[in-house]
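The residues making up each chain are set out below.
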2 protein chains.
Amino acid sequence: MNKNMPIGVFDSGLGGLTVLRALQKKLPNESFIYIGDTAHVPYGNKSETAIINYATTLSAFLVDMYKVKMIIIACNTASAIAVKPLKEYFKVPVLDVITPMQKLFKKNNNIQRIGIIGTHNTIKSKSYEKLLFSLNPEIQIFSQACPLFVPIIEEGLENHPIAKLMSKEYLFPLIEQNIDALILGCTHYPILKKTINRFIPPEIEIIDSAEILSSYTKQHLKQQELTNSSPNVTTRLLVTDASDHFNQFARNILNNNFCNIAIINPF
Amino acid sequence: MNKNMPIGVFDSGLGGLTVLRALQKKLPNESFIYIGDTAHVPYGNKSETAIINYATTLSAFLVDMYKVKMIIIACNTASAIAVKPLKEYFKVPVLDVITPMQKLFKKNNNIQRIGIIGTHNTIKSKSYEKLLFSLNPEIQIFSQACPLFVPIIEEGLENHPIAKLMSKEYLFPLIEQNIDALILGCTHYPILKKTINRFIPPEIEIIDSAEILSSYTKQHLKQQELTNSSPNVTTRLLVTDASDHFNQFARNILNNNFCNIAIINPF
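Residues numbered from 1 in each chain as written. Chains lettered and ligands numbered in written order. Predicted model: local features only at pLDDT ≥ 70, side-chain atom pairs only at ≥ 80, totals over all residues. Heavy atoms only, no water.

Enquirer: Whenever I open this one, the overall build of chain A confuses me. Can you help?
Expert: If you tally the helices and strands in chain A, you get 11 helices and 10 strands. For 267 residues, the compact-globule estimate of 2.2 N^0.38 gives 18 Å, and chain A sits close to it at 18 Å. With respect to the principal axes defined by its C-alpha atoms, chain A has extents near 50 × 40 × 40 Å. Considering only contacts in chain A between residues 6 or more positions apart, those separated by 24 or more positions represent 75%. Summing over all exposed atoms, chain A offers an accessible surface of approximately 12400 Å²; the carbon and sulfur share of this is 47%. (Helix = DSSP H or I, 4+ residues; strand = E, 2+ residues; numbered from the N terminus. Rg over C-alpha atoms; globule rule 2.2 N^0.38 Å. Contact = heavy atoms within 4.5 Å. Areas by Shrake-Rupley, 256 points an atom, 1.4 Å probe, with all protein chains shown as cover.)

Put into structure tokens, the structure is as follows:
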């Protein structure tokens, strides 16, 4: 494995761009190839077989075509379902957005009351509950679906009064439960962090999986001696279906810090 | 064709339930079979070939299994793309949500400045512009995408302050253009009609395709001597994929005025 090759990142669509942004910030000397599977977005309502199939095909494309040194699953749904089969199938390290969170909670035993916000599908799946209970059965979990957050973010309304109005409505019931920490259980939500911060008392820790994953990735690259040593770094974006929406969102989120967007058909 | 058979209605998902509600109100002595194609929702981002294929399969199912006396396309996208092939293929009358609108504008020559609200896809497709220009090339059209309206409606927030906030924001630029009429270019929007009405001056006519279509259907049944004469009427709902969301929405919109919801797989 060549340590100067890029890191491959994939997501069901554009939500994972916040993970890519956090990775770029933490690892400015690495190259990235990001695939947004815009042909199949959202993964939340697809079967497990379909999701494993998409994840395997996208990972194989990253390994075969771009010789990536590492695969990062930047999608909550695919992380929960596909990380195990991908780890079995591919020789390169496979990282996901959920595992690093697990390690964080193992270390922080003082976090007892946890709030989780996410989409209807994530909250309904109880994937975070199952994970946290397996670490500490005494933990108390309070979850809240925030279905308007994704459309608000995708329409670029994160600083509009509507974002404040809905944040207040969604977060207030959690704050009333005296939570110690709040998990942002959707890759879109870091974009609303400033607004969320205004409503959350400072003693409540906000847990952003993109940030935790990027620290974890840095550490992992170091341990495996995979840190890039070449001076030229780039970020390339690929999508599986043309989407003006994706292009616009990518420009905003990544502040134009990528070289191009191309359409691929790996299926 | 037996005039005592039900009327078949189909849509890509749950939006067409507002059309069904208007039909039930205008034609309380008719039976209905509604299919929501929840396996393929939304149609807006599918290819024309795929949409014609879905529409033909659903219509064949309504004709073969339920012997419907008429097919109604309750979806803007499918109406624009599939009405012609369905009319060629099926013997029963095929009605759609766009044609009756066309007849209205032919009669009302005093409507010169028209506002249209719809989803990003509908506004981008310019389907209403093309239709209206073909009737009167002097017409002036002002369109506005209202992407937050569908999630607001699907979350049952039509009476929440967020609905007022977004209505004000989306409608104000159209009102400033001195429009004579406003077309609700999405089957979800009639649910927001009360809120929209508050912001629209009374001299602006609000054009709701569900209402226009149901009057047109009544007239059509009369002309073709297809009006039901049997005393027992029912409404049955069918979906192509299980969806709690659909069930809940149907109960709210139709005020429980249907006998059951079943899952079918006609594909």
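Enquirer: What should I look at first to understand the relation of the copies chain A and chain B in this one?
Expert: The operation relating the pair of chain copies consists of a rotation about an axis and a translation along that axis. When chain A is fitted to chain B, the residual RMSD is 0.0 Å, and the transformation amounts to a turn of 180° plus an axial shift of 0.1 Å. Such values leave the two copies arranged in the relation of a two-fold axis. Within chain A, isoleucine 162 of chain A has its C-alpha nearest the rotation axis, a separation of 3.2 Å. Comparing contact sets, 100% of the residues at the interface of chain A also lie at the interface in chain B, consistent with an isologous, same-surface contact. (Least-squares fit on C-alpha atoms with pLDDT ≥ 70 in both.)

Enquirer: Sorry if this is basic, but what is going on with the packing of helix 2 (residues 48–66) of chain B against helix 3 (residues 76–89) of chain B here?
Expert: The axes of two packed helices give the description: the angle between them and the distance between them. All names here are of chain B. At a closest axis distance of 9 Å, the pairing of helix 2 and helix 3 adopts a crossing angle of 55°. Here helix 2 lies oblique to helix 3, going by the angle between them. In the crossing of helix 2 with helix 3, the sense of the turn from one axis to the other is right-handed. Residues Glu48, Ile51, Ile52, Ala55, Thr56 and Ser59 of helix 2 touch helix 3, and the partners they reach there are Thr77, Ala78, Ile81, Ala82, Pro85, Leu86 and Tyr89. Looking at side-chain class alone, the contact of helix 2 with helix 3 contains nine nonpolar, three polar and one charged residues. (Axes fitted to C-alpha atoms, helices over the stretch in contact; angles between N-to-C directions. Parallel < 35°, antiparallel > 145°, perpendicular 65-115°, else oblique. Left-handed = near helix turned anticlockwise from the far one by under 90°. Nonpolar A, V, L, I, M, F, W, Y, C, P; charged D, E, K, R; others polar.)

Enquirer: I tried to follow the interface of chain A and chain B on my own but got confused; where do I start?
Expert: One frequent convention defines the size of an interface as the accessible area lost when the parts assemble. Between chain A and chain B, the residue contacts involve 15 residues of the former and 15 residues of the latter. Interface area for chain A against chain B, summed over the two sides, is near 1200 Å², with a carbon-plus-sulfur share of 70%. At the surface where chain A touches chain B, the tally comes to zero salt bridges. Here chain A and chain B share four residue pairs in polar contact (both at pLDDT 80 or more) between them. Of all the secondary-structure elements, those providing two or more residues to the side of chain A that touches chain B are helix 5 (120–125), helix 7 (149–154) and helix 8 (161–175) of chain A. In terms of residue count, the dominant contributor to the side of chain A that touches chain B is helix 8 of chain A (five residues). Looking at the side of chain A that touches chain B residue by residue, the classes come out as nine nonpolar, two polar and four charged. (Buried area = accessible area lost by both parts, 1.4 Å probe. Salt bridge = Lys/Arg side-chain N within 4 Å of Asp/Glu carboxyl O. Polar contact = N/O pair within 3.5 Å; in protein donor to acceptor, adjacent residues only side chain to side chain.)

Enquirer: Hey, could you run me through the packing of aromatic side chains in this one?
Expert: Aromatic ring pairs are defined here through the distance separating the ring centres and the angle between the ring planes. Residues and elements named next belong to chain A. Enumeration according to the criterion identifies 14 aromatic pairs over all chains in this entry. Aromatic pair tyrosine 54 and phenylalanine 267: ring centres 5.9 Å apart, planes at 80°, arrangement edge-to-face. In this pair, tyrosine 54 is assigned in helix 2 (residues 48–66) and phenylalanine 267 in the segment after strand 10 (260–263), connecting sequence segments 213 residues apart. For tyrosine 54, a relative accessible area of 11% puts it in the buried group. (Phe/Tyr/Trp six-rings, centres within 6.5 Å; stacked < 30°, edge-to-face > 60°. Buried < 20%, exposed > 50% of the residue type's maximum accessible area, 1.4 Å probe, protein only.)

Enquirer: Honestly, a positive patch on the surface in this entry has me stumped. Any pointers?
Expert: Residues and elements named next belong to chain A. Among the surface-exposed residues, Arg21, Lys25, Lys26, Lys218 and Lys222 lie close enough to one another that they form a single positively charged patch. Put simply, the parts of the chain that give the positive patch at least two residues each are helix 1 (17–26) and helix 10 (209–223). Among the elements that line the positive patch, the one with the most residues is helix 1, at three residues. (Patch = residues over 30% accessible without salt bridge, like charges linked within 9 Å, V, L, I, M, F, W, Y side chains within 5 Å. Lys, Arg positive; Asp, Glu negative; His and termini not counted. Charge placed at Lys NZ, Arg CZ, Asp CG, Glu CD.)

Enquirer: Would you take a moment to explain the confidence of the model for chain A for this structure?
Expert: One rule of thumb: low pLDDT means the predicted coordinates there are not for detailed reading. The share of residues in chain A with pLDDT of 70 or more is 99%, and the mean pLDDT across the chain is 91. With a pTM of 0.82, the predicted complex shows an ipTM of 0.77. (pLDDT = per-residue confidence, 0-100.)

Enquirer: Just to check I follow, could you spell out the pairing of strand 9 (residues 235–239) of chain A for this structure?
Expert: Two faces, one strand: in a regular strand the side chains alternate between the faces of the sheet. All names here are of chain A. Taken across its five residues, strand 9 has four buried, putting it largely inside the fold. Summarising the sheet, strand 2 (residues 32–36) and strand 9 pair through five bridges and their orientation is parallel. Across the sheet, the residue bridging to glycine 36 is valine 239, located in strand 9. (Pairing = 2+ DSSP bridges.)

Enquirer: Where do I start with the sheet that holds strand 8 (residues 205–208) of chain A in this structure?
Expert: Strand pairs in the sheet, formed through backbone hydrogen bonds, run parallel or antiparallel to each other. Residue and element names in this part refer to chain A. Ordered in space as 6-5-7-8, the four strands form an open sheet in which the pairing is parallel. Strand pairing shows two members of the sheet lacking a second neighbour, strand 6 (140–145) and strand 8, which therefore form its edges. Each strand of the sheet is rotated relative to its neighbour by a mean of 20°, with strand direction disregarded. As paired strands, strand 7 (residues 181–184) and strand 8 are joined by four bridges and run parallel to one another.

Enquirer: Looking at this structure, how should I read the side chain of threonine 240 of chain A?
Expert: Residues and elements named next belong to chain A. Position of threonine 240 among the secondary structure elements: in the loop between strand 9 and helix 11 (244–254). Judged by relative accessible area, which is 11%, threonine 240 ranks as buried. A distance of 2.7 Å separates polar atoms of two side chains, one belonging to threonine 240 and the other to aspartate 37. Polar side-chain contacts of threonine 240 include one of 3.0 Å to the backbone nitrogen of threonine 38. Dropping the residues within four chain positions of it, threonine 240 is found in contact with Ile35, Gly36, Asp37, Thr38, Ala39, Leu58, Ile263, Ile264, Pro266 and Phe267.

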